[in-house]
Each structure stands twice: as C-alpha cells, then as structure tokens.
Amino acid sequence: MKKPVPKLHQVAIPALLCCLPLQPLMAAGTAPTAKPMHTALSLADITVTGRITDEQGQGLPGVNVVVKGTSNGTQTDVDGRYSITAPDNGTLVFSYVGYLAKEIAVAGQSTISTSIAPDTKALAEVVVVGYTTQDRQNLTSAVSSVDVLQAKKAPVATITEAIQGRTTGVQINNSGNPGQAPSITIRGLGSINGGSSPLYVVDGLWTDNIRDLNPADIASLTVLKDASSTSIYGSRGANGVIIITTKRGKPGKPVIGFNAYAGAQRTVDRWDLTNASEWAAIERIAYANAGYGPNYHPEQIQASVLNPENYPDTNWQDAILRTGSVQDYNMNLSGGSSGEKYTTNFLISGDAFLQKGALIGTDFKRYTLRLNSGLTTGRFKINESVQLAHANTTLANGQPFQDAVRLLPTIPVYNPNESPYTAGYGYGSPAANTFGTNPVASQKIETRTQYNNRIQGSVNAEYAFFDFLSYRLNLGLESLDYVDQDARRFGRISQNAPTDPSFLTENRGDNTFLLAENILNFNKRIADNGINVLLGYSEQRGKNTNSQATARSFANNAPGAQDGYVLSAGSGTTSVSGNIFEYSKRSFFTQAVYDYKNRYLLTGSFRRDGSSRFDPQNRYGNFGAGSVGWRISEENFFKEAVPYVSNLKARFSYGVNGNDNLGEYRYQAVVNQNVNYPFNGQVVNNGQIQTALPSTGIKWESRYTTNYGLDLGLLEDRITLSADYYVSTTKDALVNPTLAAYLGNAGGNPYANIGSLRNKGFELQASYQKSSGAFTYGVSGNLTTVNNRVTKLAQEGQVIGSGATQTAVGHPVGAFFLIPFDGVFQTKEEVLNYKNADGKVIEPFASAGDARYVDTNGDGQINDDDRQYYDTDIPKIVYGFSANGAYKGFDLSFLIQGSGGNQVFNVARATMDRTDDPSNFRADFSPWTPENPSTTTPRPLQSGGATGDLQAAAASNARGSSRFLENGSYARLKNVTLGYTIPAPLLSNRVKFISNLRIYVTGQNLATVTKYSGPDPEFVNGNFFERGVDYSAFPNLRTVTGGIQVGF
Amino acid sequence: MKLHTLTTAALLGTMLLTTGCEKDLLDKQNPNQPTVENFWQTQTDAQAGVTAAYSALQFTGVYARWIHFANDIRSDEGYSLSPWTDLANFTRFVQFDYNLEPTRVIWEDHYRGVFRCNQIIANVPAIQMDDAMKKTLLAEAHFLRAVFYSNLVTQFGNVPLILEPSTISSTAQQATVEQGWTQVITDLQAAITDLPVSNDVGHATKGSAQGLLGRVYMQQHMWQEASTLFSQIISSGKYALVANYLDNFTVANENNSESLFEVQFSSALQGGGQDVSGASEGFERPQFFGPPGIGWTDGRARAWLLDEISEKTTTGEVDPRRDITVLHYPMIVYGDTYENRKIPLTDTFWHKYQDDRTQNFENYFSGINFRVIRYADILLMQAEALNELGKTADAVPLINQVRARVQLAPLANNFSQGQLRTQLMHERICELAGEGTRWSDLKRWGLLSTPASVSMLAASNHDPDFINFVIGKSEYLPIPRTDLTADQNLKQNPGY
C-alpha cells in the first residue's frame, strides 16, 4: 500500500474521537475489576462483568447491555464478554436482535453471565414489502433477502457486484472497468425497450443508481420479485425492486468501527497471441494462397510480413495492462440513547474507496459520508438518512482490449519519427498495416474523466393518532452534480488518421429527484385476525439539466502536450448545447395485509400511476396484485404429524405492474433546430425541420406475473428451503422495432405498444446452519432458471437489431442470428459436390481449405437470408454456492458462482481469426493447410487476391458466422475470505481501548472454469440487444486484499 | 406549546407543501425543441425547412463521403486497397453483408433527405406567405427530392417511392427503375417551371433542374428531350467555362459561372454528429481519398488515367487536367516528396478535390464544394445527344469549347457518329474523371452490359476489380438488409 492514507480518513479520526462521550471511555479505562466491591450497603456504582452466550453456549458478540432506565450501555465483545458500571441495585437488560431480551437485577453481583434464547417469533426476520413490513414467516410474495454480511466481504465498490451468486432470480454481470456499474436484471428481461434495470429503494428513496452507495453502510438488502411484492411500485415495479436499508445506531454505549483493506488487482485472464515471427509466418501463407508474389502485387505485401526481424516485437497486452490496486478505508461511529421521553439513534460513517485500474490510465476514487439519525418521542417518530458521495472516474478510451489484439506485433508502441503529426507513438504503416489505434497512445493522448457529487437522502416522519392508526410522511431527495470532461491532445495515434485539432468537451449537469409520500396506516390485531391497511398518495418529480461545450485548438497544440485544458484557452471553433428534461408522476395507492391466526394469509395492493412520459390521453395506468399463503406448519395436525418440519408455507400470487422507463417527451414530434447549411461560403444558415419520428400515442406497458412458492424449514429452521416458479407476460410492451430506413427517420427507432414478452423460471434457495461446540458452519446454495421469449411484435417478421443478434417473435430478446458455419472444404471435389436441390454449386469460388456454410433456404447461394436463430446470451441457469465456517478465532468463507447455457459471440476471435485483413492471431490459431486439414478454421487467405474466386473466398471465410459463437457457461470461485479474530483476553491485556480486532485476507475471482476462449465469459455490453456480444470487453479483475477490522 | 401540537402542525404543513396537488403536474412541455404542431406557420418556417432539406446533401451517404465510393471507386477510374477489407471488397463487387456501411448509409441518408422534401411539399402550400417565395421554395424541394431519388435509382435500381411525410406506420411501394425515373422527371419538371433563373448563392436554379433532367434523359437514351434542355441552358447565356480548370475543384472560386449546382461545404465548424449545434459541415472525401500519411487512402485513382489524359497542348505541355486529376510520381505530396513520405513511386492518388493546394493535411472538415453539375458536362452531354441524334457535325464544336480551355487543339470536324462516340468517351474521362459521372457513363454506353466490354474493363492494366462484376447483378447495390427485414414486401435486387 504505497498510497498515503486518504485525507478524509486523517480528518475523520480526530473529529470522530472528539464526539466520544467521555464516560464510557473512563469506564473502559478503569475496568475490568475482578474484585467485588466490599463497601457494604453502598448504593454506589459497581463494575459488573460477564459473558453472554447463546443457547449453544457460544459467546454472543454485539449483545446490548443497558442499565435499565438509563442511557448507560455497552455491547458484548466478539467472545460475548462485557463490562459495565451499574448501580448496585440496578437492573441490567440484555437484548439482541432475534433473541428474547433478558433482565437481571445486579443486586451486588460483580459477575453476571447468562445465556439468552432465540425469540422464535422475532427470529422470523422482518421484511419490508412496499409500504409495510411483514414477518418473513407471514410473507406471501417472492422475496429474497441477501446475506449482506457475507456479500460485504467482496472488495468491490458497489453492493450489486457483491450480491452476484448470493440470491435467486437475479442475474448480474460485472466487468473490471473501474467505476462501471454492473448490469443487473431480475427475472429475465421484462421489457424490450432497454429499461430492464430494477428500481432501488434506499431507506425509502427511489433511485436508479446505487453505484455511489457505500456497501459498508448497508444493513439489509431485499429483492422483491413477484407482482404481489412489486405492484405497489406501480410503473417502476415491473423489473423488480431492490430494497436497501442502511445501518442505524443502537441505544447504548457509542461504538466506533474501523475497517480497512488494500490489495492488488489484475485482469482474470488475457489472450495468448502470436509474436512477430509467428504472425508473419501465417501472413506469408495468407499472401501466398491469395496469389501475391513475384507476378502479382509484390509491392502490396507488407514489408514486416517478409522480414519481421527488422521490426519490433510488441506485446500490446503487456503495454496496456498493469497491476492495479484497490484500497478501502471505512470508519463509523454509532450509538443512541433510550429514555422514558426520548429515544435517539445516530450513525456517522465515512468511507474512501480508491481503485487504480488494471488498464493503464484508468482509476476510480469515491468518498462517502453518511449521517443517519432518529428521534422517537411519544407518538412521534422521525428518522433521516443521508449520504454525500463524491466520485472521480478516469475512463478507458477507445477500444483498448480490441486494439491490443488487432494491432500487429510489428508495430512499435513508441515511434517519434512516424510523422510530423505524431505525438511520439507508433501506429501502422504500409510495412505493417492496421485499422486499429495505438491503445497506449489513446489512453495517454485522450483523458476522459467523470466527476460527480451525489446526495441521496430521505426523511421519514410518523405520527400515531392511536395505537392502530398512524400517518407517515416520507420525503426523498436525490441530487447529482456532474462534470464529464473529454480532453484530446493533438497528435496522431492511428495510421493515416485525419489531422484533427486538440479539443476539450465539458459536459456539466445536475439531476434532481424529489419524492413525497403520504401514508395513512391502520394496523390492528382483533382476536385471531391481523389487519393492516394503508392508503397513500405520492408525487415524484425529476429534472435533469445539462450543458455541453467544446473548444478546439489549444495553444499547446504541439504533439504530445500534456497540459490540462480549459475551455477558454481554445482558439478554434466552439460548440455549445444544453437540454432540460423534466418528469413527474402522481400516484394513489393502497395495500392490505390480513392473516387469520398467522396461518391463513392474504394480501392485496393497488396503485394508480400518472406519468408525464405518456401521451395525455394515456397518462394513467392501474396496477394491482393479490396473494394468498397457508402456513401449513401452524396447523396442529401437521405439527403432530411431522414435528421435524419447523416451517412449511405455500404461497400464490398474481398481479400486474407497469413500466414507463423510456425517457421524456417521446410522444411528440419535434422540430430539430440545428439542421444547418452554409449557403454562401463560410456563412452557416439555420435550418429547422422534423428529422425524427415520434413515438405517437404511447401508453403503459404491463407485466403480469403469476408466482407459485413454497417455503420449508426443517429442524428448527436449521435447514431452510425456498422455491418459486413464475410465469410473467409483458403486454403492450413498448417496443422500438427497426423501421425501414426509407421512412427517413434520423433518430432512434420510435416506440409503440406492440409487443408481448414472456419470462418464466424456477428459483431455489437452500441453506443449512449448524453450530457444534467451537465449530460453526453454514452452507447455502441457490439456482435460478430463466426462459425468455418474445411472443408478439407488430407485424409478421418484424425484428429489432441488425448485427449478430436479432429480437423477433418466438425467440429470446437479443437472440443470435447468424449464418451457420459448417466446417471447411477439404477438397475442390467437395466444393463442386456441395449443391442445392437444383444442382447449383453453392460456393463455386471456394477451394480446399475454405469455409462451408449452410444454405439454409436452399437458393444455391450463401447470404443473409441463410441466417438462423441461435440461442441467446441469457443464461438458462445461474447459480451460487457459498459456505462459511468458524472455529475459535478463525473464520473462512467462500462463494462459487456461475451461469450455464448462454452463448457469447466472440468479436475478438472473429477479428483475429480472419486472415483477409491485418490483425494479430491467437497463439493457438491453427488454420487449414494441406498438412493440417482443420475442420474448424479455414485456410489463411488475404483479400484482393489474384483471381475473383480468391477474392470471394477470402471475403467468404471472413464472414461473422456461427463460427464465432461460443459457449459462455462458467463457474467461478468468486470470493474466498479467511479471517482471524484476536481472542478478547489476549487483546484486552495489551490494548485496552480496542474491543475487537479481526484481520483477514480476501481473494476475488480467483479461479474460473469455462470453455470460452476469450479472457472472460462474464462481461458487460451496454447495448441492450447485444448483451451477449463480447466486443473485447474489459475483463473482470482478480483481486487479493488484506484487511483489518477494529472495534473500539 | 406541547411538542405534539408543534409536530402535528409541522407535519400537516409539510404534507400540504409537498403534495400541492398541482393540476398540471403531469404536463411537461419539452423545453428543448418546439413541437411540429407549432411549425409550418410562417415564411421563416418554410425557409428554415428548405435549408434543412439542402442540409441533407451534406450527409455522409449523400455527397460528403460514401456516394463517391459508389460512383468513382467502384467505376474503372478508381480502386481501393483499404485495410478495411469489407470496404475494399465493396469496390471490387464482392459484398456479402448487405448492411455494409457504405451501402446502408447511402440508402438511409438519401431517404432522410426525401423525408425532409416530403414535409416541405406537404406543409408549405398551406402557409400564408409571399407567393413567389412559396413557389420557389416548393420548386427547390421538388428539385432536391429529384436529386435524392435519382441517386437512389442509379445506385439501387428498384427503390420504394415514398412521397408523403412518413409516420411510424407508413409503407411504400417498391418501384421499377422506369417508375423511379418517371418520378424524378415529374419532380424536375415541377422544379423547372417554378425555379428562378438566378437564385441566392447555393440554391437550385432553373439551370440546375434543367441540367439534372437532361442527365436523367441521357441515361434513358431520350436524346431529343435531353438535347432540348441542354440547348435552353446553353442559350440562356448564364453559364460559361471558367478560364482556369482548377477553379472547379477548390475553395477559391466556388459557385462560379461554370457551376449549375454544387453542394456547399464549409470548414468553419469541426464538431461531431449530424444536425446538432456545432456539427461539421465539411466535405469528407478528401480525408478518405488522401494519400498515406495524409488521409485514409481508402480510395485511389487508377494509373491508366495518366495515359488517358496525356494529350499535348498547343504549347507542347501535357494536358494540365492530368495533374489536377491524379496525384502521381514525381509530384509533390502535400508539401513533401514521394520519397520522403515513403510512398511507393508507382502509387497514384486522386488529386481533384484534394486540399493540398491550401494546406498540407486533410481531415473531415474540408470546405471544398462538390460540383454536382457543371457547364463542361452540359457541353459534352449536348455533344453526345446531338451525335446520337445524327447531328455529329454540330457536336464537335461543343467538344472543342471544352478542349480549348486547356489549350488542346480543336478536333477536326470529320468524325463519323461511331468515331465521335469513342472520342467522347475519351473527352469525358479527361474532363470529368473523379467527378462521379463515370459510373452512369459506363451504364449509358452499355459497357456494363456485355461480357466483352466488362472483360475489357477488367484488363489487368485497367481495372482488374471488374473480374468480379456480374452482369445483371453488379449494376446495382443490394438493398440493405434492415429494410428487407422491416418491410417484407420489398424484393432484393437480382443476383443478391
């Protein structure tokens, strides 16, 4: 760890220390005193010590120990031990979440050790579902809670990255790109319109973005999946909802926690490529096969092919990759008081996350500060949470991973003499032709940074008129200020590139989101009937403002000048633009939960949403859901029959929710005001006209989901199992099919409610927990299947997409649509015998060694009409398996995660495996030769050959066919963590003020099993319809970190 | 005061504030762009609309870039050795991907232009404005639509004709080549009727429309109709050859007396994107045709042009048009020698329309206007029309006007009709090489229709790329895959 401790940290420690109430510190300073106080009859305070254990006799850390009726409290250490100063005649209250509180009178005892028992009722965790909370036992919806304690072991910036493999129904793809949020979908792709991300609700605030949320602050994370749990979110519920609550202070002695880790990162893998002489050897065959030589274009053979020894031997991957690093420092102070009149809580948490990317030039830094606090007095309760985040990202430029495999090894990284316009970098030349860009130079000549400040906060105030009736106001605010800068210095970094001036583009903006929810809540138990009904009204407003300016030609226009630019220093032409986007939503909602004897469960919800995004005629939409549940295990006959089954519940839910996630103002045709033309020389005349087609008449799309679920608990819930099967149908799906270009539309394809989409899947989660003596362990596994189909588009044959993938009826969204590759012709005879039914030779130009494709439509030629649908990027199954164990002070956990049944189109391999144009080759590239009669890889053949047949064959061999579609299944050892907690006695003998100390090492992405030939089968492609196309994406990182966790 | 009362009051107050029940909460007006509903109201709107239609001429698929690959590089005058082999193959008549960028973008961008013209033709008639201005603007829209459709018919043959402003649900009938030309003729006739003889700089004039219509008639061998139009242009006295041949290809003397219609380009803006503030309005061809170290060199000039344009002038010099047209050894390449630039000495590049006369680099922002039709072409086309009509003797003086400008001796007036045909082929190459006329010339002369003529073109010292030319297929580009998929009624061109 060479970096100095970040500034925030330096300020934070003294600041936090100042806040410490002195009394507990003093107490800690004088304790422990094992001697009993002999001053008889004294009502003076005495020091009480002891150990709190669970029902198994294991020490319970974190148990609150409070002197009843005071704010004097402490918590047990990692071994369950505590020490507190209490009045001789006082009473100690021991409380712990999930356990029954216990009160013991001090009565002069200096040692009070006891065990507390789990509260079987409270053990049922409380789950936030919509605007109510429910006991998990009584839940009738498909809801997954993620073990955030385990998830937070991953050394990553965002919690989404860490929950991969830890829950069902959620597919997450990560990348190694610093600052890039992972892609996440819940229960398949619910929409075709690209807005398939879930809604996040953080302490009541609705948001699309939790990249900047500090994972350390998260207390719980719940994934709502079925309509019953999400329809209350109306128009935002269709793609699932992730509910996050952040930590709050607990009454008692203030606690300081410090956690820091640091480590190194490298990409999980890279290509193994040919060196200069190996590359040239294949190229020479490619030229020779194409007829180049003494009689045909000898001058067009690249010189470095003939004499590679006269040229450099560059390893471009070495040039762009480095060992990156990650560091995280987190410190928090929390506490609170509980009194007769007031109860308060507070938490202050600061964090610095610093990442130096494994690709040169990239990095990510994020600083967060959180303040959560609350007050309860009488019938009034208020809680607030707010986080300030500052993030600074330096992005990758161009396509470095693609260029690194495309650029020839005979091109130097640096070459000051390449051209008068060069900035000192090497690029192609007629001796070593390339169409690529020097990726080292593009990281250095261009600097793209993103800087943002984000506030996410909410206030939740509640007033109880009666015990059973309360009013709640929930206010949320998200505010984002950002500055994106893109500075391109002068200098040429690719062959024959134009001489563009240096430029700086600045894009500044602010996004504001406001949320207000008014909720009236009725909650009463009447005999065996539990009734909870709420009514609500809410408004939401969003406003995004941005302005963009570009200035060109900076004074230091000299090649390679590295100075930072500012807009006013540009002397060339400038451009300016700016936009405002406003959005609003009005909602009425109601939710009802009913149970009879906690045994028969019924819920219903309804929401009416109006959205400014739709045509005025279609603004309002109605959404609702209902669910029923039966806790069979609560029936007496069942309890008697199968006593070892501690919980059995059957659930069913059905409902509908919507989606309006497609941007503003789309229903109106607008006039483009910058359609200009310079009629006379340099004078620019302003022109205006409609250039894009609008999404006329669009309305809500609706997703209907049916869910069947079963929850099972065995042996007092030591084994739990939860299974769900769902079918969801999206109707009136907002779809933007590819329009005929002859309509002249110059914008994105407009939307219409013309699609239908079906997702179905099975989800299974099982876990087992066991403690025996000093050894505790648990295992947990989960499995999710997804089956996605487009069932309707507007007209026969209508599709979306035109590249390697196509979205069409009867196929999954973004299915691969490719010409089927059918091996390699071994002889000319085979070519001549390869005919269609009419006897037409299908590939007459081909020779031995050329690619054979399937003439799907039998027309005697190979063209786009022969494309076939292949499977999709959507894995048929995603799964995770985790285990954790602890023995004495040691703890060990691991997570294996993977996906199966998905395909990946490998663009890097398609680039390298073609021999008609310049690129490097993979080291194991073994094309067809008479001596090596390959059936998978055609012969090397340059373009522009001596005959028309050779030219056609070269182009045919280079087609992007099914040849480059690969199995994307993988299994990955995602996380391994080994920790050691210094035993409390050992610790307290040496450093008095530290209550617990744990050191740990973590490995992330340690090993991967896959058949995929590229560096990483898990990647993020931002194009919604081409999610399975690996365009040389940034591979994930293998990270090894060491860390320390201290409690004061 | 009790805390309860306070908090209750505060809560109720906040509730009212936060949920003010604004009636128009959901009415969000787009502040960024006016809606179409409020457009097409005034003369200013009509003029802005027409400017926008002209702006479509600058699209990469129209005159900024790709059309020059389709016309000049695919013809025998040019070729490509691009490391983007799909592009090189496109110019070699080897194309497997029907959505390949040049093909797709030419199609797409021309129809974007058509969409704009259709809006003007549908909306301007209802606007209350100056009548003369209204007529002119509508005529300009008809002219521009004809420009777009005539390029589409030339490149793609059987194209859908869409003549009304499109909506998301519009469809169009696929027309035959003949129907396509008929539409172009109809639009041009409307344009000729209402276009003024002189118009503001850069706008279409009566002469522009007459010239284009004459060219369309020529392609269909309607010699008499063509000749009549050319006579009108010549006798209008508005046009004359400029003294200096080079003035047709540089920024120095744009919109000159020889120019019937040219696309206006400007280097003033260097921004990216299309139809956004600050977007470039530059000519991109010079960057794509620039020699190595200067431009992408994706399009090159065939060396046979050097021999073709080699007649000696009356003063014993080589025809000056040779070096203006083709950059070749030992000419100076953008301020430096072939040797210093390490360019193989046998390499030949396009020099016409390149910027080396004013700077030693290229980029995407050249300000040189592209001359769509110029008077020299009118003279040569009139000569050809007259020759085809049997008036060979009347044709020769027109050719001599063009020759005289570059100090070539006049041709003797003793040609047979057949001899003059051959002579005109030579004259057109010398005068017009690299100006986008060759592809249509080859078609008109039938040189793309017989195996003998195609194999002549494919000679190894001429344009061996023609070895891949398939008669009945390669005359047209494939219709892009996106449109065939989106509109199942469209038929692909033969052979694809």
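What counts as what
Residues numbered from 1 in each chain as written. Chains lettered and ligands numbered in written order. Predicted model: local features only at pLDDT ≥ 70, side-chain atom pairs only at ≥ 80, totals over all residues. Heavy atoms only, no water. Helix = DSSP H or I, 4+ residues; strand = E, 2+ residues; numbered from the N terminus. Rg over C-alpha atoms; globule rule 2.2 N^0.38 Å. Buried < 20%, exposed > 50% of the residue type's maximum accessible area, 1.4 Å probe, protein only. Contact = heavy atoms within 4.5 Å. Pairing = 2+ DSSP bridges. Axes fitted to C-alpha atoms, helices over the stretch in contact; angles between N-to-C directions. pLDDT = per-residue confidence, 0-100. Lys, Arg positive; Asp, Glu negative; His and termini not counted. Salt bridge = Lys/Arg side-chain N within 4 Å of Asp/Glu carboxyl O. Polar contact = N/O pair within 3.5 Å; in protein donor to acceptor, adjacent residues only side chain to side chain. Phe/Tyr/Trp six-rings, centres within 6.5 Å; stacked < 30°, edge-to-face > 60°. Lys NZ or Arg CZ within 6 Å of the ring centre and 35° of its normal. Parallel < 35°, antiparallel > 145°, perpendicular 65-115°, else oblique. Nonpolar A, V, L, I, M, F, W, Y, C, P; charged D, E, K, R; others polar. 1 Å grid on protein atoms, 1.4 Å probe; cavity = no way out; pocket = protein on both sides within 12 Å on 5 of 7 lines; lining within 4 Å. Points joined across faces, edges and corners; volume = space filled by probe spheres on them. Patch = residues over 30% accessible without salt bridge, like charges linked within 9 Å, V, L, I, M, F, W, Y side chains within 5 Å. Areas by Shrake-Rupley, 256 points an atom, 1.4 Å probe, with all protein chains shown as cover. Charge placed at Lys NZ, Arg CZ, Asp CG, Glu CD. Expected span 1.5 Å × (residues − 1). Buried area = accessible area lost by both parts, 1.4 Å probe.

## So, the overall build of chain A
- Tallying secondary structure elements over chain A gives 16 helices and 50 strands in all.
- Here the C-alpha radius of gyration of chain A, 32 Å, is about what a compact globule of 1048 residues would show, namely 31 Å.
- In chain A, buried positions account for 57% of the 1048 residues.
- When contacts within chain A are restricted to residue pairs at least 6 apart in sequence, those whose partners lie at least 24 apart make up 70%.

## Observations regarding the sheet that holds strand 5 (residues 91–95) of chain A
All names here are of chain A.
- Taken in spatial order, the 4 strands of this open sheet run 3-2-5-6, and their pairing is antiparallel. Looking along the sheet, the strands with just one partner apiece sit at the ends: strand 3 (73–75) and strand 6 (102–105). Here the strands of the sheet are splayed against their neighbours by 20° on average, with no regard to which way each runs.
- One ladder, built from 3 bridges, connects strand 2 (residues 64–67) with strand 3; its direction is antiparallel. Counted as the bridge partner of valine 65 is threonine 74 from strand 3.

## A closer look at the confidence of the model for chain A
- With 91% of its residues at a pLDDT of 70 or more, chain A shows a mean pLDDT of 86.
- With pLDDT under 50 throughout, residues 1–42 of chain A is counted as low confidence; its partners more than four residues away or in other chains account for 38 contacts.

## What to know about the side chain of arginine 959 of chain A
- Counting through the fold element by element, arginine 959 of chain A comes out in the loop between helix 15 (948–957) and strand 46 (965–967).
- No salt bridge forms around the buried arginine 959 of chain A; measuring N to O, its nearest opposite-charge neighbour aspartate 864 of chain A is 5.0 Å away.
- Within polar-contact distance, the side chain of arginine 959 of chain A engages the backbone oxygen of isoleucine 862 of chain A at 2.9 Å.
- Not counting residues up to four positions away in its chain, the partners in contact with arginine 959 of chain A are Ile819, Tyr853, Ile862, Asn863 and Phe964 of chain A together with Phe96 of chain B.

## Some points on the packing of aromatic side chains
- According to the stated counting rule, one finds 62 aromatic pairs over all chains in the structure shown.
- Between phenylalanine 466 of chain A and phenylalanine 468 of chain A, the aromatic rings sit 5.3 Å apart at their centres with planes inclined by 10°, giving stacked as the arrangement.
- When its relative accessible area of 45% is taken as the criterion, phenylalanine 466 of chain A is described as partly exposed.
- Judged by relative accessible area, which is 28%, phenylalanine 468 of chain A ranks as partly exposed.
- By way of ring pairs, the aromatic residues Phe435 of chain A together with Trp66, Phe69, Trp84, Phe288, Phe289 and Tyr364 of chain B are connected into one cluster.
- Over the ring of tyrosine 704 of chain A we find lysine 731 of chain A, and its NZ or CZ is 4.9 Å from the ring centre.
- The ring of tyrosine 853 of chain A has arginine 959 of chain A lying over it, and the distance from NZ or CZ to the ring centre is 5.6 Å.

## Things to note about the packing of helix 14 (residues 375–388) of chain B against helix 16 (residues 417–432) of chain B
Residue and element names in this part refer to chain B.
- Between helix 14 and helix 16, the least distance of the axes is 10 Å, while the angle of their chain directions is 170°. Taken together, the axis directions place helix 14 and helix 16 in an arrangement best described as roughly antiparallel. Here Ala376, Asp377, Leu380, Met381, Ala383, Glu384, Asn387 and Glu388 of helix 14 lie close against helix 16, whose contacting residues are Gln417, Leu420, Arg421, Leu424, Glu427, Arg428, Glu431 and Leu432.
- Grouping the constituent residues of the contact of helix 14 with helix 16 by class yields 7 nonpolar, 2 polar and 7 charged.

## A closer look at the pattern of salt bridges
Residue and element names in this part refer to chain B.
- Here the structure, examined in full by the defined rule, presents 73 salt bridges over all chains.
- When the shortest N-O distance is used, the salt bridge between aspartate 377 and arginine 215 registers 2.7 Å. Placement of aspartate 377 in helix 14 and of arginine 215 in helix 9 (residues 206–219) is noted, with a sequence separation of 162 residues between them.
- Arginine 444 is the partner of aspartate 441 in a salt bridge, and the nearest nitrogen-oxygen pair spans 3.0 Å. Remark: arginine 444 and aspartate 441 occur in helix 17 (residues 438–444); sequence separation between them is 3 residues, near one turn of the helix.
- A relative accessible area of 3% places aspartate 441 in the buried class.
- Residue arginine 444 is classed as buried on the basis of its relative accessible area, which comes to 5%.
- Sharing partners across several salt bridges, the network here consists of Glu258, Asp319, Arg321, Lys352, Arg374, Arg405, Glu431 and Glu435.

## With respect to empty space enclosed by the protein
- Under the definition given, this model contains 16 cavities of 30 Å³ or more.
- Roughly 350 Å³ of internal volume is contained in the largest cavity.
- Contributing elements (two or more residues each) for the lining of the largest cavity: helix 4 (66–73), helix 7 (131–156), helix 9, strand 8 (370–374) and helix 17 of chain B.
- Classifying every residue of the lining of the largest cavity by side-chain character gives 8 nonpolar, 10 polar and 5 charged.
- Its boundaries defined by the atoms lining it, the second largest cavity holds a volume of some 240 Å³.
- Taken together, 23 residues make up the lining of the second largest cavity; nearest its centre are Val156, Glu161, Ser175, Gln355 and Leu1037 of chain A.

## Details of a negative patch on the surface
Residue and element names in this part refer to chain A.
- On the surface, a cluster of negative charge is contributed by Asp269, Asp272, Glu278 and Asp313.
- Here aspartate 272 is to be found in the loop between strand 17 (252–267) and helix 7 (276–289).
- A relative accessible area of 57% means that aspartate 272 is categorised as exposed.

## A closer look at helix 6 (residues 101–123) of chain B
- Taking 1.5 Å of rise per residue, the 23 residues of helix 6 of chain B would be expected to cover 33 Å, and the 33 Å separating its terminal C-alpha atoms lies within 8% of that figure.
- The element helix 6 of chain B is largely enclosed, with a buried count of 19 among its 23 residues.

## Concerning the environment of proline 918 of chain A
- Residue placement: proline 918 of chain A occurs in the loop between helix 14 (907–912) and helix 15.
- Contact partners of proline 918 of chain A, with chain neighbours within four places excluded, come to Gln302, Arg406, Leu408, Asn433 and Thr434 of chain A together with Pro83 of chain B.

## Looking at the interface of chain B and chain A
- Contacts between chain B and chain A engage 107 residues on the former and 110 residues on the latter.
- When the two sides are added together, the surface that chain B and chain A hide from each other amounts to roughly 9,200 Å², 57% of it contributed by carbon and sulfur.
- Here chain B is connected to chain A by 4 salt bridges.
- Linking chain B to chain A there are 32 residue pairs in polar contact (both at pLDDT 80 or more).

## Overview of unusual backbone geometry
- In this structure, proline 330 of chain B follows tyrosine 329 of chain B across a cis peptide bond, with omega equal to 5°.
- Assignment of secondary structure puts proline 330 of chain B in the loop between strand 6 (326–327) and strand 7 (349–350).
- In this model, asparagine 598 of chain A sits at a positive phi of 55°, which is unusual for a non-glycine residue.
- By secondary structure assignment, the location of asparagine 598 of chain A is in the loop between strand 26 (574–596) and strand 27 (600–611).
- For tyrosine 334 of chain B, which is not glycine, the phi torsion reads 45° and is therefore positive.
- With respect to the secondary-structure elements, tyrosine 334 of chain B resides in the loop between strand 6 and strand 7.
- Using a relative accessible area of 2% as the deciding quantity, one classes tyrosine 334 of chain B as buried.

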